[in-house]
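Chain by chain, the residues:
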Amino acid sequence: MKKAILLVIAMLLTPVLLFRIAIPACAFSADTSLSATYASFVGEDEGDHSGCSVASAGDVNGDGYDDILIGACWDEEGGEKAGQTYLILGKTGGWSMGVDLSMADASFVGEHAGGRSGFSVASAGDVNGDGYADILIGAFGDSEGGSNAGQTYLILGKASGWTLDTPLSWADASFVGEDENDCSGVSVASAGDVNGDGYDDILIGAACDEDGGDDAGQTYLILGKASGWAMDTSLSSVDASFIGEYARDRSGWSVATAGDMNGDGYDDILIGAHQAEENIGIDPKDNGKTYLILGKGEGWAMDVPLSMADASFIGESAGDHSGWVVATAGNVNGDNYDDILIGAYQAEDDKEGAGKVYLVLGKAEGWTTDIPLSMVDASFIGEQAEDGAGYSVSSAGDVNADGYDDILIGARWAEDSELGAGKTYLILGKEREWTTGTSLSSADISFNGEDAGDNFGSSVASAGSVNGDEYDDILIAARWDEVGGAYAGQTYLVLSNYPVLISCNSNGDRVDQFFPGENVYVKGVNLEPNTEYRIWIQDDPITAEDSTLHSNEDPSSSLEEITTDDLGNFGPALIWSIPSDIPNTFRNYDIVANKGVALLGQSYSFDDDHIDSLGVVGFVAPVPELPTVTLLSMGLAGLVGWFGLRRWGVRGNR
């Protein structure tokens, strides 16, 4: 099936607006073997527990590929259980299984023994507005501010200069817990942009803080800014904080952005308090509670009681531990409101400890406090007793590029293949038909842990698009895996392995617009290995109404022949040297990869793909000879443009 994209083709340099409407098929199925993954990363030493947390770093070096964070909270490079965090930079190909984390692109070593740095890791978003994503690393056992006060480190993105074994004392900024035993940094997250100033903001959870009572917990908000970041900043001096309602709540054990749940343009905040004992007609013990704080332009303050939150959600039963983990789900139903996930890994229903995950759909209004989780929009129940489904949850991003975000759920103790091997579920987004009480046995896709005791799914995350192919990839950690030694840990990267073509420069960096005198290159990813293709540029983009392939419309006036490597990749390959003396007038082109003999006038088959076109992607470039186009509109906020249809998708045998 094809994705249509509406393109504004401006005279001169009008921006291009892209709207995807395609639904490619997904590449995996239930009980997918980990042999289907494309890469894994193994802890350096026994006892490291690499993968105790995993996250997308965003694009920290600005190369167009998203990057990966892996925390190893018991690593001893900087002292016993000082912890270490690894950064793996994205790239088009060359991923492989069993890569030792000593081969990572960069790493950050904990300052002090017992700090457990890397227990939580996250992208900070872009907190200083320089165009590079930034990194958060939590060390809840750090004692800079007193025994176990905790410390969180901020590492700003940059184009180059990443190295292994960087001491966290060299971070660009850090935030120190207010009091001993606060355990600040037990959870860290980007808040998104909660106040709409264009800078992303930071959340730090201190689940054992006592301002609201013993272990009531406190969560801190640090607003982004262009400069003025400093090491050893006390959390007492940050922009806002939220205090747990009661002793033992452990609010801030999990924190996350909620995305923009009410569509007001401000990102919102989630805070989990998994030991909250709210009485809703049941034995009030550890049912847990999750708080939603809506974004706003101003009015942020310190020491705000969580009883003042805009909405809250209460666990169904005693011992559920709802709010153990919270996350944005992205926009799973395509309604332009972001949605949220709440994990209750000890929820029982009819199976003790099976676990349960709740989905709350976004909406413009109607938020209230103390909403029973039994009344939310959807829920997913663990398959077997003691699975612990919901120990980890995350948005998966959009793994199949259908316009709906998808959901990841980790069940670290699931025993499908081996005792305690673990299992992770992927639930694909859809417009409607979300229901409560859905068994995870009906998930769209699942992945089984390799060996007994691996605890596969102990941490899950979207990786973003690490290979630049427009499909989001996923991370699944098995922190007890023993490939690198007892409990060294292993993290798996699951690529959404759709074949794709990418227009680029000679270095392979993605380029979507070219100018007179420049060279157009293309690279292919995940095509058929060791296969010859003919590449042409389609001047008249393929549509359902006209699917004929016309090589005489190729402005380069030639068909290039390439052969893929053992992984099905090729390039960068030069396909067009644009003359320097042509007008500065732009339009869209498609690139077509066609196996075997390319015959003029063949018709592209959308259903059977009988001519084996495996990829089409578009770019914008000058028009050698001004084409005839139809003027449809002269609106769009004053932009004078021409409208056309472009097809941008991946076609292969289904």
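These lines cover the structure that appears in this document, whether it is placed above or below. For every chain, the first residue of its written sequence is number 1, and the numbers climb from 1 along that sequence. In keeping with the predicted nature of the model, local features appear solely for residues at pLDDT of at least 70, side-chain atom pairs appear and are counted solely at 80 or more, and the whole-chain, interface and lining totals rest on all residues. Hydrogens and waters are ignored; side-chain quantities use all the structure's heavy atoms.

**Here's the deal with the overall build of the chain**
- Elements are defined by DSSP. Helices are runs of H or I of four residues or more, strands are runs of E of two residues or more, and each kind is numbered from the N terminus. Looking only at helices and strands, one finds 0 helices and 43 strands in the chain.
- Burial status follows relative accessibility: with a 1.4 Å probe on protein chains alone, a residue under 20% of its type maximum counts as buried, one over 50% as exposed, and anything between as partly exposed. Residues counted as buried form 59% of the 654 residues belonging to the chain.
- Long-range contacts, defined as pairs at least 24 residues apart, comprise 66% of the intrachain contacts of the chain with a sequence gap of at least 6.
- Each accessible area is a Shrake-Rupley result for a 1.4 Å probe, and residues are judged covered by the shown protein chains and nothing else. When the accessible surface of the chain is split by element, carbon and sulfur atoms take 47% of a total near 23400 Å². The criterion used for residue contact is that any of the two residues' heavy atoms lie within 4.5 Å.

**Description of the packing of aromatic side chains**
- Two aromatic rings from Phe, Tyr or Trp, using only the six-membered ring of Trp, form a pair when their centres are within 6.5 Å; if the ring planes differ by under 30 degrees the pair is stacked, by over 60 it is edge-to-face, and anything between is tilted. The final tally for this structure, using the stated rule, is 15 aromatic pairs.
- Judged by centre distance (6.4 Å) and plane angle (90 degrees), the ring pair of F380 and W434 falls under edge-to-face. Note that F380 is positioned in strand β27 (residues 378-381) and W434 in the loop between β30 (423-427) and β31 (438-439), a separation of 54 residues in sequence.
- An aromatic cluster is built from F119, F140, W253, W324, Y345, Y391 and W413, whose rings are joined through pairwise contacts.
- By definition, being over a ring means that NZ of Lys or CZ of Arg is both within 6 Å of the ring centre and within 35 degrees of the ring normal. The ring of W74 has K81 sitting right over it, with the charged end atom 4.3 Å from the ring centre.

**Some thoughts on the sheet that holds strand β14 (residues 201-206)**
- Criterion used throughout: strands pair if DSSP finds at least two bridges between them. Strand order in this open sheet of 5 strands is β13-β14-β15-β17-β21, and the pairing throughout is mixed. Edge positions in the open sheet fall to β13 (184-192) and β21 (304-305), since each of these has one partner strand only.
- With 6 bridges connecting them, β13 and β14 associate as antiparallel partners. The partner of S187 across the bridge, within β14, is G205.

**Some remarks on the pairing of strand β5 (residues 84-88)**
- Here β5 lies mainly inside the structure; 5 of its 5 residues are buried.
- Alternating positions in β5 separate into two faces, Q84, Y86 and I88 on one and T85 and L87 on the other, with burial throughout.
- With 5 bridges connecting them, strand β4 (residues 67-72) and β5 associate as antiparallel partners. The partner of I68 across the bridge, within β5, is I88.

**Description of the layout of surface pockets**
- Grid points spaced at 1 Å over the protein atoms alone were grouped into cavities, where a 1.4 Å probe fits but cannot get out, and pockets, open sets with protein on both sides within 12 Å along at least five of seven lines, with lining residues defined by an atom within 4 Å of a point. Grid points are joined across faces, edges and corners, and a volume is the space filled by probe spheres set on the points. Volume-wise, the largest pocket comes out at about 1400 Å³.
- Together, 50 residues line the largest pocket, and V54, A55, V121, A122 and S394 are the ones closest to its centre.
- Among the elements of the structure, β3 (50-58), β8 (120-125), β13, β18 (251-259), β23 (322-330), β28 (389-397) and β33 (456-464) are those that each provide at least two residues to the lining of the largest pocket.
- Top element by residues in the lining of the largest pocket is β33. It accounts for 7 residues.

**Considerations on the environment of Q346**
- Tracing the backbone through its elements, the reader meets Q346 in the loop between β24 (339-344) and β25 (356-360).
- What makes Q346 partly exposed here is its relative accessible area of 23%.
- Considered as a pair, Q346 and G388 are 42 residues apart in the sequence and their alpha carbons are 6.0 Å apart.
- Residues within four places of Q346 in sequence aside, it is in contact with G319, D320, H321, G353, G355 and W413.

**Things to note about the pattern of salt bridges**
- Throughout this description, the term salt bridge denotes a Lys or Arg side-chain nitrogen within 4 Å of a carboxyl oxygen of Asp or Glu. Within this structure, the stated rule accounts for 10 salt bridges.
- Between E431 and R432 there is a salt bridge, with the nearest N and O atoms lying 3.2 Å from each other.
- With relative accessibility at 45%, the residue E431 sits in the partly exposed group.
- Owing to a relative accessible area of 52%, R432 belongs among the exposed residues under this scheme.
- One network of salt bridges, in which partners are shared, links E245, K289 and D370.

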